[in-house]
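# Results of the structural survey
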Amino acid sequence: MNRRRWLTGAVATAATALLSACGQAGTSLAEQARRMGEGLTRRTQRLLIPRDALAPTYSRAEISPDFKPNGSISPAAADYKALKADGFGGYRLVIDGLVERPLSLSLAELRTRPSQSQITKHDCVEGWTSIGEWTGVRLETLLDEAGLRPEARYIVFHCFDALTQTEDGDRYYESIDLIDARHPQTILAWAMNGETLPVPHGAPLRLRVERQLGYKHAKYIRRIEAVESFAHIGGGKGGYWEDRGYEWYAGI
């Protein structure tokens, strides 16, 4: 009953805000409706689903024979191309921002941390799905090692790729909150289906945040930043596609 009252109140609040949205300068009625709908979806899912509820997992026999790569499949940025030519031997993952102990870790150093493997389904916003096995380190492990400061609220993933496939294009970025960052299935993967992560799927390191749609699973990660707000990053909406109209919260 308490949940039902909360949902009823939330819908009523959203409706009231929507009616008043016409008077808010610079923001369309449709944009106000989209933002309120996204917020209601996020709050409802957070309320009804336990924070550590797991995404479904599958057997190796169910792994998709052809897992479609999407978005960038071979970044054109000069720094990435140089790392790829060297077999990513010079790669360093930087973890900074609102942390007590900034980190700079090579792939070899990342592999010394406790790892886990999970076979999960990737749900693309375009409507297709594929199942794959991912191996990597839990994001929470690295955040604890860096030591999040109390004011940190979001984790931002800065990537090498630009979807324009030019060196000077806007670099891809994504963000999640601390609930998803600390989820037991949220990992930084360096392997796929028992092999080194292929370039089209995000080598040398990609995010797997299994309870969200595919565009949240940032590939080609170069830096992880803990922030209080992402308003100052990119277009201020929390991600490359979010800056172009996608919802920030893409829970499934």
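The residue numbers shown here count from 1 along each chain, following its written sequence. Confidence filtering applies because this is a predicted model: local features only for residues at pLDDT of at least 70, side-chain atom pairs given and counted only at 80 or more, and all residues used for totals across whole chains, interfaces and linings. Excluding hydrogens and water, the side-chain figures rest on all heavy atoms present in the structure.

## Remarks on the pairing of strand 5 (residues 154–162)
Put simply, the test is: Whether a residue is buried, partly exposed or exposed follows from its accessible area with a 1.4 Å probe, protein chains only, as a fraction of its type maximum: under 20%, in between, or over 50%, in that order. Every helix listed is a DSSP run of H or I at least four residues long, and every strand listed is a run of E at least two residues long, numbered separately from the N terminus. Here, a strand pair is defined by DSSP locating no fewer than two bridges between the strands.
Burial within strand 5 is extensive, with nine of its nine residues counted as buried. Bridge analysis of strand 5 against strand 6 (residues 171–177) gives six bridges, and the strand direction is antiparallel. Looking at strand 6, one finds that tyrosine 154 is bridged to aspartate 177. Of the pairings in the sheet, the one linking strand 5 to strand 10 (residues 221–227) comprises six bridges and is antiparallel in character. Residue pairing in the sheet places isoleucine 155 in a bridge with alanine 226 of strand 10.

## Some details on helix 5 (residues 139–146)
The test is simple: What the arc describes is the spread of directions from the helix axis to the C-beta atoms.
Of all the positions in helix 5, only Leu139, Glu140, Leu142, Leu143 and Ala146 are classed as buried. Along the axis of helix 5, the buried positions cluster into a sector of 165°, meaning they face one direction only. Just past helix 5, the residue glycine 147 takes up positive phi, approximately 80°.

## Regarding the side chain of glutamine 118
Rules: Contacts described as polar in this section are N or O atom pairs within 3.5 Å, which, within protein, must combine one atom able to donate a hydrogen with one able to accept it, while residues neighboring in sequence count only if both atoms come from side chains. Note on contacts: a residue pair qualifies if any of its non-hydrogen atoms lie within 4.5 Å across the two residues.
Position of glutamine 118 relative to the elements: it lies in strand 3 (residues 115–123). Among the residues examined, glutamine 118 registers a relative accessible area of 6% and is labelled buried. At a separation of 2.8 Å, a polar atom in the side chain of glutamine 118 contacts the main-chain carbonyl oxygen of glutamine 185. Here glutamate 210 takes part through its side chain, which lies 3.1 Å from a polar atom of the side chain of glutamine 118. Setting aside its immediate chain neighbours within four residues, glutamine 118 contacts Gly132, Glu133, Trp134, Gln185, Ile187, Arg208 and Glu210.

## Comments concerning the packing of aromatic side chains
Heads up, the rule is: Aromatic pairing here means that ring centres of Phe, Tyr or Trp (its six-membered ring) are within 6.5 Å. Orientation follows from the plane angle: under 30 degrees is stacked, over 60 is edge-to-face, and everything else is tilted.
Scanning the model with the defined rule gives 13 aromatic pairs in all. Considering the side-chain rings of tyrosine 80 and phenylalanine 88, the 5.6 Å spacing of their centres and the 55° angle between planes classify their relative orientation as tilted. A single burial state applies to tyrosine 80 and to phenylalanine 88, both of which are buried. Seen in terms of ring centroids, tyrosine 80 and tyrosine 220 are 5.3 Å apart; in terms of plane orientation they differ by 80°. Their pairing is edge-to-face. With a gap of 140 residues between them, tyrosine 80 in helix 3 (residues 78–85) and tyrosine 220 in the loop between strand 9 (206–208) and strand 10 connect regions that are remote in the sequence. Considered together, tyrosine 80 and tyrosine 220 belong to a single accessibility category, that of buried residues.

## Quick notes on the nonpolar core
Worth spelling out the cut-off: Buried Ala, Val, Leu, Ile, Met, Phe, Trp, Tyr and Cys residues form a nonpolar core when they are joined through side-chain atoms within 4.5 Å.
Counting residues in each nonpolar core, the largest one holds 52 residues, and the members touching the most others are Leu93, Leu110, Ile155, Phe157, Leu188, Ile221 and Ile224. Counting residues per element, this core draws most heavily on strand 7 (residues 187–192), at six residues. Discounting residues that sit within four places of it in the chain, leucine 188 has contacts with Leu93, Thr135, Gly136, Val137, Leu139, Leu142, Phe157, Leu205, Arg206, Leu207, Ile221 and Ile224. Tyr173, Phe230, Ile233 and Trp248 belong to the second largest nonpolar core, which has eight residues in total.

## Overview of unusual backbone geometry
Most peptide bonds take the trans form, and the phi angle of most residues other than glycine is negative. Residue proline 204 follows alanine 203 across a cis peptide bond; omega there is 10°. Mapped onto the secondary structure, proline 204 falls in the loop between strand 8 (195–196) and strand 9. A positive phi is found at phenylalanine 88, a non-glycine position, where the angle reads about 65°. The topology assignment puts phenylalanine 88 in the loop between helix 3 and strand 1 (93–97). Since its relative accessible area comes to 12%, phenylalanine 88 is described here as buried.

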